[in-house]
Amino acid sequence: MSSTEQEGFSAAEKAAMKERAAEVRAPKKRMTKAEKAEQARREVEEKIASFEGNDKVLAEKLHRIVTSTAPGLEPKTWYGMPAYALDGKILCFMQDAKKFGTRYLTFGFNDVAQLDEGTLWPTSFAITALDGQLEEKLAALVAKAVGR
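Residues numbered from 1 in each chain as written. Predicted model: local features only at pLDDT ≥ 70, side-chain atom pairs only at ≥ 80, totals over all residues. Heavy atoms only, no water.

Looking now at the sheet that holds strand S1 (residues 74–78). Adjacent strands of a sheet pair through backbone hydrogen bonds, lying either parallel or antiparallel. Taken together, the 5 strands give an open sheet; going across it, the order is S1-S2-S3-S4-S5, and neighbouring strands pair in antiparallel fashion. Taken across any chain shown, the strands that pair with only one partner, and hence form the sheet edges, are S1 and strand S5 (124–127). Averaged over all neighbouring strand pairs, the angle between strand axes comes to 25 degrees, with direction disregarded. With 4 bridges joining them, strand S4 (residues 105–109) and S5 adopt antiparallel strand pairing. Across the sheet, the residue bridging to Phe-107 is Phe-125, located in S5. Contacting strand S2 (81–86), strand S3 (89–95), S4 and S5, helix H3 (residues 53–69) runs over the sheet at an angle of about 25 degrees to S4. In this fold helix H5 (residues 132–145) packs onto S3, S4 and S5, with an angle of close to 30 degrees to the strand it touches most, S4. (Pairing = 2+ DSSP bridges. Helix = DSSP H or I, 4+ residues; strand = E, 2+ residues; numbered from the N terminus. Axes fitted to C-alpha atoms, helices over the stretch in contact; angles between N-to-C directions. Contact = heavy atoms within 4.5 Å.)

Here we take up the pattern of salt bridges. Throughout the structure, instances matching the rule amount to 9 salt bridges. Residue Glu-38 is joined to Arg-42 by a salt bridge in which the shortest nitrogen-to-oxygen separation is 3.6 Å. Residue Glu-38 and its partner Arg-42 are both found in helix H2 (residues 33–50); the two are separated by 4 residues, about one turn of the helix. Among the residues examined, Glu-38 registers a relative accessible area of 32% and is labelled partly exposed. By relative accessible area, Arg-42 is classed as partly exposed at 39%. Glu-52 is the partner of Lys-98 in a salt bridge, and the nearest nitrogen-oxygen pair spans 2.8 Å. Here the residue Lys-98 occupies a position in helix H4 (residues 97–100), and Glu-52 occupies one in the loop between H2 and H3, the gap between them amounting to 46 residues. When its relative accessible area of 61% is taken as the criterion, Lys-98 is described as exposed. (Salt bridge = Lys/Arg side-chain N within 4 Å of Asp/Glu carboxyl O. Buried < 20%, exposed > 50% of the residue type's maximum accessible area, 1.4 Å probe, protein only.)

This is the structure:
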């Protein structure tokens, strides 16, 4: 293996896996469904608040788009990142640039999202800015993803 090839997972990937393991192992408190939903929403909003600079602004906009377009989605953290679930399965998620050492925030969809278009379609997007037109485009993608 050359010195330019990575061996195993990056530090960011290892940290994300540790966060996911902690999410899975988290003690299950006796709460009502509404209390669990409220706690999950708070955790997502706290994660977004921890983002820096432009990523924080973009994530706040994305959170607003997702929650207003598909209010039935459940906010959750997933691998330590904000995500939104449909029937318990992660439908879409965000990844901030800093955590993963990229130059842009990513907004992605998992396979439960109903975005199929023939035999090829995008499942994640690099975002560096959002204007009204792009916000509408993302809202339409979220609506399509949940089957509306």
